[in-house]
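Below, each chain spelled out in residue letters.
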Amino acid sequence: MVKRKGASNSEEGWNYEAKVIEIEGIIAGIEAGELELEEVFDQFAKAVEYLRQCESFLQQRQQQVDLLIETLSDE
C-alpha cells in the first residue's frame, strides 16, 4: 500500500484504491437516480475532487518512475 506525501493528498492514510472505490460509489449513487438534484451536484463535486487527487498522485508516481529510469540509464 502506497501512501502519498504531497499537497492535495497529504492526509495520513490517503489511499488511491480507496478513492477509486469512493468515486465508483458516487457514480453508482448518481446513476441510481434516487438523489435530490442538489445532492447530485454535491456528490459530483466530491467525485471531481477525488479524481483530481488521484490524477495528481499518478502524475507524481510517473515522475518518480521516469526519474528512476533516467538514473538507470545514466549508470
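Note that the structure is a prediction, hence the values are computed from the model and not measured. (Residues numbered from 1 in each chain as written. Predicted model: local features only at pLDDT ≥ 70, side-chain atom pairs only at ≥ 80, totals over all residues. Heavy atoms only, no water.)

**Regarding the overall build of the protein**
Broken down by element type, the protein carries 2 helices and 0 strands. Accessible surface, the protein: about 5900 Å² in total, of which carbon and sulfur atoms supply 55%. (Helix = DSSP H or I, 4+ residues; strand = E, 2+ residues; numbered from the N terminus. Areas by Shrake-Rupley, 256 points an atom, 1.4 Å probe, with all protein chains shown as cover.)

**A word on the side chain of Gln53**
When you line up the elements, Gln53 lands in helix α2 (residues 37-74). A distance of 2.9 Å separates a polar atom in the side chain of Gln53 from a polar atom in the side chain of Trp14. (Polar contact = N/O pair within 3.5 Å; in protein donor to acceptor, adjacent residues only side chain to side chain.)

**Things to note about the packing of aromatic side chains**
Evaluated as defined, the whole model comprises 2 aromatic pairs. For the pair Trp14 and Phe57, a centre-to-centre distance of 5.2 Å together with 45 degrees between the ring planes defines the contact as tilted. Here Trp14 is found in the segment before α1 (16-32), whereas its partner Phe57 is found in helix α2, with 43 residues between them in sequence. Residues Tyr16 and Phe57 carry aromatic rings whose centres are separated by 5.5 Å and whose planes lie at 20 degrees to one another, so their mutual orientation is stacked. Pair noted here: Tyr16 is in helix α1 and Phe57 is in helix α2, with a separation of 41 residues, a long-range link. Taking the relative accessible area as the measure of exposure, Phe57 reaches 7% and is therefore buried. Here a set of aromatic residues connected by ring pairs shows up, and it is made of Trp14, Tyr16 and Phe57. (Phe/Tyr/Trp six-rings, centres within 6.5 Å; stacked < 30°, edge-to-face > 60°. Buried < 20%, exposed > 50% of the residue type's maximum accessible area, 1.4 Å probe, protein only.)

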